[in-house]
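Below are the chains, spelled out letter by letter.
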Amino acid sequence: MRAGIVVEVTPEDRVRLERIVRDRNTPQKHSARARVILATAEDCGTLEIVRRSGLSKPVVWRWQERFMREGVDGLLRDKTRPPGKRPLPGETVRRVVNLTLAAPPGETTHWTGRALAAAAGVSLRSVQRIWAAHGLTPHRVQTFKLSTDPRFLEKFTDVVGLYVDPPAHAVVLSVDEKSQIQALDRTQPGLPMKKGRAGTMTHDYKRHGTTTLFAALNVLDGTVIGRCMQRHRHEEFIRFLNAIERAVPAGKLIHAIADNYAAHKHPKVRAWLARHPRWTFHFTPTSCSWLNAVENFFATLTKRRLKRGVFCSIVDLQAAINRYLAEHNHKPKPFVWKADPKRVLAAIERGKQALESIHSHVRHFKMQARKFLACSSGCSAWPP
């Protein structure tokens, strides 16, 4: 032990140190420090302490001094050290954030990490850390569409009411079409997946025509009635309605949820509905296809069967879709509406307010620009 270092271990300290050594959940560095002090309390020499603890002489001396100054608690924490690299000044961080939120110069639409690093005079890794800390992802964009339907609230309440509280002695069907499904054949066969390599498929393809899938999802039990047809007109839609009419047991009322596609509102379709009084159509608001439950089925069909499929003809494509429908109907799952309607309406209202704010700013800037042009040209009246 170095000169000037005096280690006095009280009975209470010894109990704590022995508990630290015995505890299997104690970090190894804490256990090694406790063994140093216990060996020192037994009047062991420095070499013996080094042998028991596995630490070097300077480390042993450091922890003996720390125990003398701070006791057992000093062994359980490390001194703070200055970082290897100085953190970026707050002004630089704010500059990077402000540049990210602003439009980039030139004809580019969004910032890249390297472009922003060059503009801000920092490293790429610094830009990435700032983006991660502030939740900024300029390389991503989310699409949206707010409905402009004047009867939005009425239609939304009607459709969601069917999902949440379907009427008794009735069938609720979500009806829609997935049009222009392409029968794509790859130009070369792909390789299967193996360890260390993903499956492969060519980026180019051969087209063998298209088909349209008419589907009706039964919200109550999850089964799907589907028909593949060559075209997407009101004639095919009426044929599909006849197929549903035959599939649904007699005596059941049918509530069909559909979007605002022209074929759904054709005069001949309305005449067909007049001849079948047990049918009632419920139309979703404009630009609200997300409200139609069958869209979830279409998304799963595309992801699980169509996207990686290889079809040599329309017949192969239609056969694959029919087999997928059969497998789906073998183990169907009822559709359950889980979103809180009040929260959905509140989010839509916030979106409309944001759009209105943007439009008002755009109108203000346009008026300012017209005023500037009128003043610069010496005209007394603004341009129309």
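Counting restarts for each chain: residues are numbered from 1 in the order of the written sequence. At least 70 in pLDDT is required for a residue's local features to be given in this predicted model, at least 80 for side-chain atom pairs to be given and counted, and no such filter applies to totals for whole chains, interfaces and linings, which use all residues. Excluded from the side-chain calculation are hydrogens and water; included are all heavy atoms of the structure.

Visitor: Go over the overall build of the chain, please, and point to the residues and values.
Guide: Helix and strand definitions here come from DSSP, where helices need a minimum of 4 consecutive H or I residues and strands a minimum of 2 consecutive E residues; each element is numbered from the N-terminal end. A count of helical and extended segments in the chain gives 14 helices and five strands. Only protein chains enter the accessibility calculation, which uses a 1.4 Å probe. A residue is then buried if its area is under 20% of the maximum for its type, exposed if over 50%, and partly exposed in between. Taking all 384 residues of the chain together, the buried fraction comes to 35%. By sequence separation, contacts in the chain at least 24 residues apart represent 66% of the contacts at least 6 residues apart. On the chain, roughly 25100 Å² of surface is accessible, and the fraction owed to carbon and sulfur atoms is 55%. Positive charges are assigned to Lys and Arg, negative charges to Asp and Glu, while His and the chain termini are left out of the count. Think of each charge as sitting on NZ of Lys, CZ of Arg, CG of Asp or CD of Glu. In the chain, 64 side chains carry a positive charge and 33 a negative one; their mean positions are 6 Å apart. The contact criterion used throughout is that any non-hydrogen atoms of two residues lie within 4.5 Å. Accessible surface area values rest on a Shrake-Rupley calculation with a 1.4 Å probe, where residue burial reflects the displayed protein chains alone.

Visitor: Could you give an account of the pattern of salt bridges, with specific residues and numbers?
Guide: Pairing between side chains of opposite charge can happen when the charged atoms of each approach one another. Any Lys or Arg side-chain nitrogen located within 4 Å of an Asp or Glu carboxyl oxygen qualifies as a salt bridge. Enumeration over the complete set of coordinates arrives at 15 salt bridges. Across the pair Glu42 and Arg52 runs a salt bridge whose closest N-O atoms are separated by 2.9 Å. Placement of the pair is Glu42 in the loop between helix 2 (28-41) and helix 3 (46-53) and Arg52 in helix 3, with a sequence separation of 10 residues. Look at Glu42 and you get partly exposed, because its relative accessible area is 45%. With a closest N to O distance of 3.3 Å, Glu245 and Arg278 form a salt bridge. Taken as a pair, Glu245 in helix 10 (residues 234-247) and Arg278 in the loop between helix 11 (267-275) and strand 5 (279-283) lie far apart in primary sequence, 33 residues in all.

Visitor: Talk me through the side chain of Asp259; I want residue IDs and the actual numbers.
Guide: With respect to the secondary-structure elements, Asp259 resides in the loop between strand 4 (253-258) and helix 11. Within the structure, the side chain of Asp259 is placed 3.2 Å from the backbone nitrogen of Tyr261, a separation counted as a polar contact. What qualifies as a polar contact is a pair of N or O atoms within 3.5 Å, subject to a donor-acceptor requirement within protein and to the restriction that residues adjacent in sequence count only when both atoms come from side chains. Within the structure, Asp259 has its side chain in polar contact with the side chain of His264 (distance 2.9 Å). In contact with Asp259, not counting residues within four places along its chain, are Asp176, His264, Phe283, Thr284 and Asn292.

Visitor: Explain the packing of helix 3 against helix 4 (residues 57-70) residue by residue, including any values.
Guide: Contact pair helix 3 / helix 4: the axes reach a minimum separation of 10 Å and the direction vectors enclose 100 degrees. In terms of orientation, helix 3 lies roughly perpendicular with respect to helix 4. Between helix 3 and helix 4, the residues in contact are Thr46, Leu47, Ile49, Val50 and Ser53 and Lys57, Val60, Trp61 and Gln64, respectively. With axes taken as lines fitted to C-alpha atoms, and helix axes fitted only over the stretch in contact, angles between N-to-C directions fall between 0 and 180 degrees. To sort the angles, those under 35 degrees are grouped as roughly parallel, those over 145 as roughly antiparallel, those from 65 to 115 as roughly perpendicular, and the leftovers as oblique.

Visitor: Hey, could you go over the pairing of strand 1 (residues 170-186) for me, with residue numbers and the actual values?
Guide: The side chains of a regular strand alternate, first on one face of the sheet and then on the other. Burial of strand 1 is extensive: 13 of the 17 residues sit out of reach of the surface. In terms of strand pairing, strand 1 meets strand 4 through five bridges, oriented parallel. In the strand pairing of strand 4, Leu173 is matched with Ala256. Between any two strands, pairing holds if DSSP finds at least two bridges. Direction of pairing for strand 1 relative to strand 2 (residues 205-218): antiparallel, over a ladder of 11 bridges.

Visitor: Can you tell me about the sheet that holds strand 5, naming the residues and giving the values?
Guide: With mixed pairing, the five strands of this open sheet are ordered in space as 3-2-1-4-5. Here the strands that pair on one side only, and so sit at the sheet edges, are strand 3 (224-229) and strand 5. Ignoring which end each strand starts from, the neighbouring axes of this sheet average 25 degrees apart. For strand 2 and strand 3, the ladder comprises six bridges, and the chain directions are antiparallel. Looking at strand 3, one finds that Ala216 is bridged to Ile225.

Visitor: An account of the layout of surface pockets is needed here, citing residue identities and associated values.
Guide: Here a cavity denotes a set of grid points, spaced 1 Å apart and computed over the protein atoms alone, in which a 1.4 Å probe fits but from which it cannot get out, and a pocket denotes an open set meeting protein on both sides within 12 Å along at least five of seven lines; residues with an atom within 4 Å of a point are reported as lining. Grid points are joined across faces, edges and corners, and a volume is the space filled by probe spheres set on the points. A volume near 430 Å³ is recorded for the largest pocket. Forming the walls of the largest pocket are 15 residues, and the residues nearest its centre are Phe297, Thr300, Tyr324, His328 and Lys333. When contributions to the lining of the largest pocket are tallied by element, the ones reaching two or more residues are helix 12 (294-306) and helix 13 (314-330). With four residues, helix 12 is the largest single contributor of residues to the lining of the largest pocket. When residues are grouped by polarity, Ala, Val, Leu, Ile, Met, Phe, Trp, Tyr, Cys and Pro land in nonpolar, Asp, Glu, Lys and Arg in charged, and all others, Gly among them, in polar. Split into classes, the residues belonging to the lining of the largest pocket amount to seven nonpolar, four polar and four charged. Considered as a void within the structure, the second largest pocket measures approximately 210 Å³ in volume. Around the second largest pocket, the lining residues are Lys85, Arg86, Pro87, Leu88, Val93, Ser123, Arg125, Ser126, Arg129 and Ile130. By residue number, the principal contributor to the lining of the second largest pocket is helix 8 (residues 124-134), which donates four residues. Taken together, the residues that form the lining of the second largest pocket break down as four nonpolar, two polar and four charged.

Visitor: Residues and numbers for unusual backbone geometry, please.
Guide: Of note, the phi angle at Gln180 is positive, near 55 degrees, even though the residue is not glycine. Relative to the helices and strands, Gln180 resides in strand 1. In this structure Gln180 comes out as exposed when scored by relative accessible area, which is 55%. One non-glycine residue, Ser287, lies in the positive phi region at around 60 degrees. Checked against the element boundaries, Ser287 lands in the loop between strand 5 and helix 12.

Visitor: I'd love a proper account of helix 4, names of residues and values included.
Guide: Across its 14 residues, helix 4 extends 20 Å between first and last C-alpha, which sits within 8% of the 20 Å expected from 1.5 Å per residue. Every buried residue of helix 4 is accounted for by Val59, Val60, Trp63, Gln64, Arg66 and Phe67. When helix 4 is viewed along its axis, its buried side chains cluster within an angular range of 160 degrees and face the same direction. On its buried face, helix 4 sits against helix 1 (11-22), helix 2, helix 3 and helix 5 (72-75). Of the residues flanking the end of helix 4, it is Gly71, one or two places downstream, whose phi is positive at about 75 degrees. By this rule the span expected of a helix is its residue count minus one, scaled by 1.5 Å. Note that the arc is defined by the directions from the helix axis to the C-beta atoms.

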